[in-house]
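Chain by chain, the residues:
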Amino acid sequence: MKANGYVEAGFEPVKDAFEQNFNKKENGAACAIYYQGRKVVDLWGGLAEPRLNKCWEKDTLVPVFSSTKGFAALAVAVAHSKGWIDYDAKISSYWAEFGTNGKENITIRQLLAHQAGLCTLTQLQLDKISDLDTSHIAPQLADLKPEWNPGSIHAYHTWTIGWFIGEIMRRADPKGRTLGKFFHEEVAQPLHAEFFIGLPDYIPQSRLAAVQGMHSPFQLLFHLHEIPKPLLIGFLNPRSLTSRSMVDRNKLVAHENFNKREMLSIELPSGNGVGDARSMAKIYSEFATGGKALNLSKDTLIEIMKPANPPFNGWYDHVNRCEVGYSLGFWKPISGRMFGSSTHSFGHPGAGGSFCFADPDRAVGYAYVLNKIGGYMDGNPRENEVRKAFYQCITN
């Protein structure tokens, strides 16, 4: 299949790799890469809605699941640059009601490194999609009890971390804006980028790609090879920390619900961000090249570039059941799980294999997005091949 869009001279292998992905059962996808401040890759292809045979267009927007967390973390970084957020401050200094049930001393840095012990959904009342909005769930979050001594281990706060970020940001912002509104006004608008945490009504349905996920145990069988065995075992055990953190009893966060306008219109900063690849790459490029347009402080850039530090008991993530590096809301490169050029890189993958990140060492802003949701996160071989081709282009 021939891709639409373009690549700058010298980056033709990226286009070749992208096109090859459609021989590997990619449905619809887009990839954009900024290098040294200029857009060198802007590709899209396949079907945005296979059921209707609707093509992926230049302006197609797609949900990116957990890649949303990276953009929420970028919003926190902007607030840090403005002096509104102190990464080492206690959360309770912004949100007094939070400081109960053993949470009194949890810092923002610990929370953003998934060390707070507040990852499970089982203590929350979630009965309908609107219950997933940050404004609704915040009072319940304040009453949670940590699952472990904060700082001792880390475990992916799959859904809860976005809610916590959203409420902290609302309280830290002098204007009291929601995270979605803050992101739109302080990040997306200045960069003329289309990425939304809470999709506005003026975006027509015709622009949205439909995600195809695993809707049943039968469909899961076709994706078993994509899911690491320890994670699969944890996911299937309802008493495990993995299952209690990833699965809500009413299946509100099931993949198919992310095709519903009701789901996309609320603010669910852990997973319902919607945008196009070039906007996502452009946003990360801003953070990879000094942040002049957003007036980012040098101190903030130094903070988000720092290598991740493991909690007391090591890199093992007790929800994802593998070793992962986390820092300030981002995935960070660690041995055996590298991306970008060094440990200065930061970003976030999403369910099915989307990945967006910044590589400050090489001044790269990168985004690969798709609508076929399988079991991959950062290990999606299709995205990996495109990324590999790009880095070969800039190192040859």
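Note that the coordinates shown come from a computational prediction; the quantities given were computed from them, not determined experimentally. (Residues numbered from 1 in each chain as written. Predicted model: local features only at pLDDT ≥ 70, side-chain atom pairs only at ≥ 80, totals over all residues. Heavy atoms only, no water.)

1. Observations concerning the packing of helix H2 (residues 67-81) against helix H11 (residues 277-288)
Counted only if it meets this: Helix axes use the C-alpha atoms of the stretch in contact, all axes being lines fitted to C-alpha atoms, and the angles between their N-to-C directions lie in the range 0 to 180 degrees. Strands here are runs of E lasting at least two residues and helices are runs of H or I lasting at least four, both read from the DSSP assignment and numbered beginning at the N terminus. Put simply, a crossing is left-handed when the front helix is turned counterclockwise from the back one by less than a right angle, and right-handed when it is turned clockwise. Residue contacts are counted whenever heavy atoms from the two residues lie within 4.5 Å of one another. In this classification, the charged set is Asp, Glu, Lys and Arg, the nonpolar set is Ala, Val, Leu, Ile, Met, Phe, Trp, Tyr, Cys and Pro, and all remaining amino acids, among them Gly, are polar.
In the contact formed by H2 and H11, the axes pass within 12 Å of each other and the chain directions differ by 35°. Handedness of the H2/H11 crossing: left-handed. Of the residues in H11, those touching H2 at Gly-70, Phe-71, Leu-74, Ala-77 and Val-78 are Met-280, Ile-283, Tyr-284 and Phe-287. Considered class by class, the residues forming the contact of H2 with H11 number eight nonpolar, one polar and no charged.

2. Quick look at the pattern of salt bridges
Filter applied, for reference: Salt bridges are counted wherever a side-chain nitrogen of Lys or Arg sits within 4 Å of a carboxyl oxygen of Asp or Glu. To sort residues, take the accessible area from a 1.4 Å probe on protein chains only and compare it with the maximum for the residue type: under 20% means buried, over 50% means exposed, and anything in between is partly exposed.
Tallied over the full model, the rule gives 23 salt bridges. For Glu-185, the salt bridge identified is with Arg-177, shortest N-O distance 2.8 Å. Residue classification places Glu-185 among the partly exposed positions, given a relative accessible area of 29%. Salt bridges linked by common partners bring Lys-82, Asp-173, Arg-177, Glu-185 and Glu-186 together as one network.

3. Considerations on the packing of aromatic side chains
In plain terms, the rule: The aromatic pairing rule takes the rings of Phe, Tyr and Trp, using the six-membered ring of Trp, and pairs them if the centres are within 6.5 Å, calling planes under 30 degrees apart stacked, those over 60 edge-to-face and the rest tilted. Our definition puts a charge over a ring when NZ of Lys or CZ of Arg is within 6 Å of the ring centre and also within 35 degrees of the ring normal.
For the coordinates displayed, the defined rule picks out 25 aromatic pairs. Considering the side-chain rings of Tyr-156 and Tyr-326, the 6.1 Å spacing of their centres and the 0° angle between planes classify their relative orientation as stacked. Residue Tyr-156 is located in the loop between helix H4 (134-141) and helix H5 (160-172), and its partner Tyr-326 is located in strand E10 (residues 325-327); the two are separated by 170 residues in the primary sequence. Taking the relative accessible area as the measure of exposure, Tyr-326 reaches 2% and is therefore buried. A ring pair is formed by Tyr-284 and Phe-346, whose centres lie 6.4 Å apart and whose planes are at 50°; its orientation type is tilted. Of this pair, Tyr-284 sits in helix H11 while Phe-346 sits in strand E12 (residues 346-349), and the two are 62 residues apart along the sequence. For the pair shown, Tyr-284 and Phe-346 are each scored as buried. An aromatic cluster is defined as three or more aromatic residues linked by ring pairs; in this entry it consists of Phe-71, Phe-183, Phe-195, Tyr-284, Phe-330 and Phe-346. Directly above the ring of Trp-159 sits Lys-69, whose terminal nitrogen or CZ lies 5.9 Å from the centroid. Here the guanidinium or amino end of Lys-82 rests over the ring plane of Trp-84, the centre of that ring lying 5.5 Å away.

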